[in-house]
2 protein chains.
Amino acid sequence: MENSAENVRSQMRKGVLEYCILSILDKKEAYASSILDELKSANMIVVEGTVYPLLIRQKNQGLLSYRWEESTQGPPRKYYCITEKGRQQLGEMDAAWQEIVDTIKTIKER
Amino acid sequence: MENSAENVRSQMRKGVLEYCILSILDKKEAYASSILDELKSANMIVVEGTVYPLLIRQKNQGLLSYRWEESTQGPPRKYYCITEKGRQQLGEMDAAWQEIVDTIKTIKER
DNA sequence: TTGAATACCTTGCAACACAAAGTACTAATT
DNA sequence: AATTAGTACTTTGTGTTGCAAGGTATTCAA
């Protein structure tokens, strides 16, 4: 029922992943697999079944748009791109993140 | 369906709250209402319905123990205290938290 | 005895991450 | 031509979490 170390990380990822993905797409458009690679290289382990539904959710909320692009290596890719609304949301997330970081610092330092 | 700013914060709290509570109890024992007050004063808005079940969960996992203490002002208080196992878990959470903070820094700086 | 303050607890719901399985396209083997 | 490996996208079901809303119980003052 519990894999302590991994479970701790999994729970902390909640809500933060969405922030990571918007941040990645704020720099340049990308498709799901490449986003997965970037997250892994930044030490954030995630799986497909988490990222795909998340991208669809964000698209349905109007935070992202996408276009199909042919690939010479395999099936076509769905390139996601942040929207204006997505940038606003990202701004809110930057603030929320900073708040949480500060809160924990406050609690720890007391 | 959505109160964007608040919802963003609520989602980010997931998994982090547990960390905050263990951190607070690592310094000194406390009862639920006083923990709520400390969280609020550190800018982490939470409600009773969140904290009580969380404390019970952590107790059931053996991370906390408690004792009842009479109060001159109202009903008796349930003072929670971190256990050895709780301290170990807290150590893992410290590492997990640092990892996430670093991950986001990495993504943002690229 | 009524009300306010304090403190604890429960129920039902929505959001999220994950495991596991499935679909579909391309290119290199066999 | 058929099979296999690689790439990419999608869906279903499960467990965990935070929250709103409501409830129980104790003490003390008006």
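Before any of the text, the structure's been laid out above.
Okay, so let's go over this structure. This structure is a prediction, so every number in the text was calculated from the model and none was measured.

## Observations concerning the protein's contact with DNA strand C
Item 1. Taken together, 30 residues sit near DNA strand C, with Arg13 and Thr50 of chain A together with Gln11, Arg77 and Lys78 of chain B positioned nearest.
Item 2. Of what DNA strand C places within 4 Å of the protein, 74% of the atoms are sugar or phosphate.
Item 3. The separation between a base oxygen of DNA strand C and a polar side-chain atom of lysine 14 of chain A is 3.4 Å.
Item 4. At a separation of 3.3 Å, a base nitrogen of DNA strand C approaches a polar side-chain atom of lysine 14 of chain B.
Item 5. Every element with two or more residues in the surface near DNA strand C is listed here: helix H1 (4-13), helix H2 (16-27) and helix H4 (48-60) of chain A together with helix H3 (32-41), helix H4 (48-60) and strand E3 (77-82) of chain B.
Item 6. In terms of residue count, the dominant contributor to the surface near DNA strand C is H4 of chain B (five residues).

## Some details on the interface of chain B and chain A
Item 1. The partner chain A presents 40 residues to the 40 residues of chain B that form the contact.
Item 2. Here chain B is connected to chain A by three salt bridges.
Item 3. Taken together, chain B and chain A are joined by nine residue pairs in polar contact (both at pLDDT 80 or more).
Item 4. The element that contributes the greatest number of residues to the side of chain B that touches chain A is helix H5 (residues 84-108) of chain B, accounting for 16 residues.

## Details of the relation of the copies chain B and chain A
Item 1. Each copy of the sequence occupies a distinct position, and chain B is placed on chain A by a rotation of 180 degrees and an axial shift of 0.0 Å, giving an RMSD of 0.1 Å. Seen this way, the second copy is the image of the first under a two-fold rotation axis. Proximity to the rotation axis, assessed at the C-alpha, singles out lysine 14 of chain B in chain B; its C-alpha lies 2.9 Å from the axis.
Item 2. Taken together, the interface assignments show that 100% of the residues at the interface of chain B recur at the interface of chain A, consistent with an identical surface on both copies.

## What about the protein's contact with DNA strand D?
Item 1. Around DNA strand D, the surrounding shell holds 30 residues, and the nearest of these are Tyr52, Arg77 and Lys78 of chain A together with Arg13 and Thr50 of chain B.
Item 2. Counting only atoms of DNA strand D within 4 Å of the protein, the sugar-phosphate share comes to 74%.
Item 3. Here arginine 13 of chain B contributes a side-chain N or O atom positioned 2.9 Å from a phosphate oxygen of DNA strand D.
Item 4. In the model, a phosphate oxygen of DNA strand D is placed 3.2 Å from a nitrogen or oxygen of the glycine 15 of chain B main chain.
Item 5. Looking at the surface near DNA strand D, the elements with two or more residues in it are helix H3 (32-41), H4 and strand E3 (77-82) of chain A together with helix H1 (4-13), helix H2 (16-27) and H4 of chain B.
Item 6. Residue composition of the surface near DNA strand D, by class: twelve nonpolar, ten polar and eight charged.

## As for the pattern of salt bridges
Item 1. Under the counting rule described, the total for this entry stands at eleven salt bridges over all chains.
Item 2. A salt bridge links lysine 108 of chain B to aspartate 94 of chain A, with the shortest nitrogen-to-oxygen separation between them at 2.9 Å. Within this pair, whereas lysine 108 of chain B is found in helix H5, its partner aspartate 94 of chain A is found in helix H5 (residues 84-108), the two belonging to separate chains.
Item 3. What makes lysine 108 of chain B partly exposed here is its relative accessible area of 36%.
Item 4. The exposure class of aspartate 94 of chain A is partly exposed, given its relative accessible area of 31%.
Item 5. Among the salt bridges present, the one from glutamate 29 of chain B reaches arginine 67 of chain B, with a minimum N-O distance of 2.4 Å.

## Re the sheet that holds E3 of chain A
Residue and element names in this part refer to chain A.
Item 1. An order of E1-E3-E2 is seen for the three strands of this open sheet, with the pairing classed as antiparallel. What marks the edges here is a single partner per strand, and that holds for strand E1 (30-31) and strand E2 (64-69).
Item 2. In the sheet, E1 pairs with E3 via two bridges, with the strands oriented antiparallel. Following the sheet pairing, alanine 30 is matched in E3 by tyrosine 80.

## Observations concerning the sheet that holds strand E1 (residues 30-31) of chain B
Item 1. Spatial strand order, E1-E3-E2 (chain B): three strands in an open sheet with antiparallel pairing. The two strands at the open ends of the sheet, each matched to only one other strand, are E1 and strand E2 (64-69) of chain B.

## Notes on the side chain of threonine 83 of chain A
All names here are of chain A.
Item 1. Mapped onto the elements, threonine 83 comes out in the loop between E3 and H5.
Item 2. Relative accessible area serves as the criterion here: at 18%, threonine 83 is assigned to the buried category.
Item 3. In this structure threonine 83 touches Gly62, Leu63, Leu64 and Ser65, once residues within four positions along its chain are discounted.

Parameters and conventions
Residues numbered from 1 in each chain as written. Chains lettered and ligands numbered in written order. Predicted model: local features only at pLDDT ≥ 70, side-chain atom pairs only at ≥ 80, totals over all residues. Heavy atoms only, no water. Near = heavy atom within 4 Å. Polar contact = N/O pair within 3.5 Å; in protein donor to acceptor, adjacent residues only side chain to side chain. Helix = DSSP H or I, 4+ residues; strand = E, 2+ residues; numbered from the N terminus. Contact = heavy atoms within 4.5 Å. Salt bridge = Lys/Arg side-chain N within 4 Å of Asp/Glu carboxyl O. Least-squares fit on C-alpha atoms with pLDDT ≥ 70 in both. Nonpolar A, V, L, I, M, F, W, Y, C, P; charged D, E, K, R; others polar. Buried < 20%, exposed > 50% of the residue type's maximum accessible area, 1.4 Å probe, protein only. Pairing = 2+ DSSP bridges.

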